[in-house]
Amino acid sequence: MEMPDSFVKQNVPQWLQYALTFTGITGLTGVILLYLYQCKLIYPASFPEGSRQEVAKPSQFGMQYIEQDLITKDKVLLKSYIILQQDTNIAKKSPTILYFHANAGNMGHRLPVAKILHNQFKCNVVMLSYRGYGKSEGTPNEKGLKIDAQTMLDFVREHEILKHTPLIAYGQSIGGAVAIDLVSRNEDSFSGLMIENTFLSLPKLIPSIMPFLKHFTFLCHQQWPSEKSIRQIVKTPILFLAGAKDEMIPPSHMIALNELSETRENKTWVGFPQGTHNDTCFQPGYFTAIREFIESRVLKEAKPEQQPKKKKTTLDESYIDGRLVNEEEKEEDKKYQLVSGLADQEGQTHNFQVEEIELE
């Protein structure tokens, strides 16, 4: 997620802002100051304003749900939503998506996406606010988020309905790193992995978003080494959803993750030529890609044979396994409300402004 100046002002102590901006502190002193506050920068749980106080409910989007309290092994209380297909027999046969959100906001901001997964694709959806996000307790950090994800998976594996279902981990931005890590440690539990606009590792991302720290990445204690974790996933199909105009995470990171993946199952690469970091899910073909991945890779439903086309890893075109998303598919879309990261006339980013998009 893009973090505007307003976030820095709210989350970085004023004395640190002053020291870095006006006094000209540079070099090791400035780096150490940022080192001490890097979790505040990486996990902006209070952005946008009100995110710790207000969390939208699935009922506001016409979905029945259970609000489940989860207790982690380190005794942190997490809030989660369990959104099942209403018919128990259908729920037991439906895929269950474990949805890991990006680094700003809370699980309520992702409910428009969850609605599509639940209503249109007939999936069960399980989602949580990480520790320190929404109304969950605790303070966010890499170790803690990994525990949170594991806690949610452990709950699902013991759930009387969900334990029978194929599981798919789905993560956006830093949520992609959470999903990769979780699947790499629990591969036998998963039937699929879907990641959108995520990175190789935080140290490798720093030179792009904080160039003045490029020589001090060794001080980054929040690692998220997805480039290593993804190599441990060897039998799970993976869907890569990549925005070619991602202004936060260089598109080369997603390309490299795709190339590093050694899964024996199929990898599906989908590039969106106009997709930025926050609006890739608005792009034509996005939900077509998810639907086809679930049907053909997870549920392994048979599809009519098509002429094989040369596969490629590129961000030049919007395609699914080499097949361009055609105009007819775009016209058949239905409208839904999702969350965007559009900028206003003054250039201020509103990461959770509601926008209409086209859905297949």
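Here goes a summary of the coordinates provided. (Residues numbered from 1 in each chain as written. Predicted model: local features only at pLDDT ≥ 70, side-chain atom pairs only at ≥ 80, totals over all residues. Heavy atoms only, no water.)

1. Observations regarding the overall build of the chain
Right, on to step 1. Scanning the chain for helices and strands turns up 13 helices and 12 strands.
Right, on to step 2. Counting across all 360 residues of the chain, residues that qualify as buried make up 55%.
Right, on to step 3. Sequence-distant contacts in the chain: of pairs separated by 6 or more residues, those separated by 24 or more amount to 73%.
Right, on to step 4. For the chain, the exposed surface amounts to about 16500 Å²; the carbon and sulfur share of it is 49%. (Helix = DSSP H or I, 4+ residues; strand = E, 2+ residues; numbered from the N terminus. Buried < 20%, exposed > 50% of the residue type's maximum accessible area, 1.4 Å probe, protein only. Contact = heavy atoms within 4.5 Å. Areas by Shrake-Rupley, 256 points an atom, 1.4 Å probe, with all protein chains shown as cover.)

2. Brief notes about the pairing of strand 5 (residues 167-172)
Consecutive side chains along a regular strand alternate between the two faces of the sheet.
Right, on to step 1. Here strand 5 lies mainly inside the structure; six of its six residues are buried.
Right, on to step 2. What you see with strand 5 is no split at all: L167, A169 and G171 on one side and I168, Y170 and Q172 on the other are buried throughout.
Right, on to step 3. Direction of pairing for strand 3 (residues 96-100) relative to strand 5: parallel, over a ladder of five bridges. The partner of T96 across the bridge, within strand 5, is L167.
Right, on to step 4. For strand 5 and strand 6 (residues 192-196), the ladder comprises five bridges, and the chain directions are parallel. Within strand 6, the residue paired with A169 across the bridge is L193.
Right, on to step 5. This β-α-β element, strand 5 to helix 8 (residues 174-185) to strand 6, shows right-handed connectivity. (Pairing = 2+ DSSP bridges. Right-handed = clockwise from strand over helix to strand, strands pointing away.)

3. Side note on the sheet that holds strand 2 (residues 77-83)
Right, on to step 1. Spatially, the eight strands line up as an open sheet ordered 1-2-4-3-5-6-7-8, and their pairing is mixed. In this open sheet, the two edge strands, each paired with only one partner strand, are strand 1 (66-71) and strand 8 (267-272). Averaged over all pairs of adjacent strands, the angle between strand axes in this sheet comes to 20°, irrespective of strand direction.
Right, on to step 2. Its contacts with the sheet put helix 6 (residues 111-120) on strand 2, strand 3, strand 4 (124-128) and strand 5, and the angle it makes with strand 4 is roughly 160°. (Axes fitted to C-alpha atoms, helices over the stretch in contact; angles between N-to-C directions.)

4. Some points on the pattern of salt bridges
Right, on to step 1. Summed over the entire model, instances satisfying the criterion amount to 10 salt bridges.
Right, on to step 2. Overlapping salt bridges, with partners in common, bring together E142, K146, D181 and R185 in one network. (Salt bridge = Lys/Arg side-chain N within 4 Å of Asp/Glu carboxyl O.)

5. Considering the packing of helix 7 (residues 142-158) against helix 8
Right, on to step 1. Interhelical geometry of helix 7 versus helix 8 gives an angle of 60° and a closest axis separation of 10 Å. Between helix 7 and helix 8, the interaxial angle falls into the category oblique. Relative to helix 8, the crossing made by helix 7 is right-handed. Along the contact surface, helix 7 presents L145, K146, A149, Q150 and L153, while helix 8 presents V178, D181, L182 and R185.
Right, on to step 2. Across the contact of helix 7 with helix 8, the residue classes break down as five nonpolar, one polar and three charged. (Parallel < 35°, antiparallel > 145°, perpendicular 65-115°, else oblique. Left-handed = near helix turned anticlockwise from the far one by under 90°. Nonpolar A, V, L, I, M, F, W, Y, C, P; charged D, E, K, R; others polar.)

6. Remarks on the environment of V234
Right, on to step 1. For V234, the location among the structural elements is in the loop between helix 10 (226-229) and strand 7 (238-243).
Right, on to step 2. Each C-alpha atom, one on V234 and one on R264, is 5.6 Å from the other, the two residues being 30 residues apart in sequence.

7. Regarding a nonpolar patch on the surface
Right, on to step 1. A cluster of nonpolar side chains, namely I32, Y35 and L36, defines an oily patch on the protein surface of about 270 Å² accessible area.
Right, on to step 2. Residue placement: L36 occurs in helix 3 (residues 27-36).
Right, on to step 3. Judged by its relative accessible area of 57%, L36 is exposed. (Patch = residues over 30% accessible without salt bridge, like charges linked within 9 Å, V, L, I, M, F, W, Y side chains within 5 Å.)

8. Details of helix 12 (residues 286-298)
Right, on to step 1. Taking 1.5 Å of rise per residue, 13 residues should cover 18 Å, and helix 12 covers 17 Å from first to last C-alpha, within 8% of that figure.
Right, on to step 2. In terms of residue burial, helix 12 counts as a mostly covered element, since 11 of its 13 residues are buried.
Right, on to step 3. Every buried residue belonging to helix 12 is among Y286, F287, T288, A289, I290, E292, F293, I294, S296, R297 and V298, and all of these are buried.
Right, on to step 4. The positive-phi residue at the C-terminal boundary of helix 12 is K300, with phi of around 55°. (Expected span 1.5 Å × (residues − 1).)

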